[in-house]
Amino acid sequence: MRRFLWIVLFALSAAAALPAAAGAQHLTVDDVRNMALARGVATIKEIELDHGIWEVQGRDAGGPKIEMKVDALSGEIVKMRRND
């Protein structure tokens, strides 16, 4: 849990350091977590922001791993993969 908090804090500080497009809003970690939960991620292991892409790793209710990547500006899911 402690590692997760450090990752979230790091991601938030990284998001603040990104140059924002005129009038553009970045997705927050809460936005991305809610998107992941709505798409079947039951347990979130890690969320981090890397070069403008939110990366989510977790598991669905049945146990298989899920990886999701979301563009921080547009909110578009650029990758969603389940490892059965």
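Above this text sits the structure in question.
## Re the overall build of the protein
Now for step 1: Counting secondary structure elements, the protein contains two helices and four strands.
Now for step 2: Starting at the N terminus and ending at the C terminus, the protein contains elements arranged as α-α-β-β-β-β.
Now for step 3: Within the span of the protein, comprising 84 residues, buried residues form 29% of the whole.
Now for step 4: Across the protein, the fraction of contacts at a sequence separation of at least 24, relative to all contacts at a separation of at least 6, is 33%.
Now for step 5: Accessible surface for the protein amounts to roughly 5,400 Å². Of this, 54% is attributable to carbon and sulfur atoms.

## Looking at the nonpolar core
Now for step 1: With 14 residues, the main nonpolar core has Leu27, Val32, Ile47, Trp54, Val56, Met68 and Val70 as its most contacted residues.
Now for step 2: At the level of secondary structure, the elements contributing two or more residues to this core comprise helix 2 (29-38), strand 1 (43-50), strand 2 (53-59) and strand 3 (65-71).
Now for step 3: Residue contributions to this core peak at four residues, all from helix 2.
Now for step 4: If we skip the residues at most four places from it in the chain, methionine 68 touches Val32, Met35, Ala36, Arg39, Trp54, Glu55, Val56, Ile77, Lys79 and Met80.

Procedures and definitions
Residues numbered from 1 in each chain as written. Predicted model: local features only at pLDDT ≥ 70, side-chain atom pairs only at ≥ 80, totals over all residues. Heavy atoms only, no water. Helix = DSSP H or I, 4+ residues; strand = E, 2+ residues; numbered from the N terminus. Buried < 20%, exposed > 50% of the residue type's maximum accessible area, 1.4 Å probe, protein only. Contact = heavy atoms within 4.5 Å. Areas by Shrake-Rupley, 256 points an atom, 1.4 Å probe, with all protein chains shown as cover. Core = buried A, V, L, I, M, F, W, Y, C linked by side-chain atoms within 4.5 Å.

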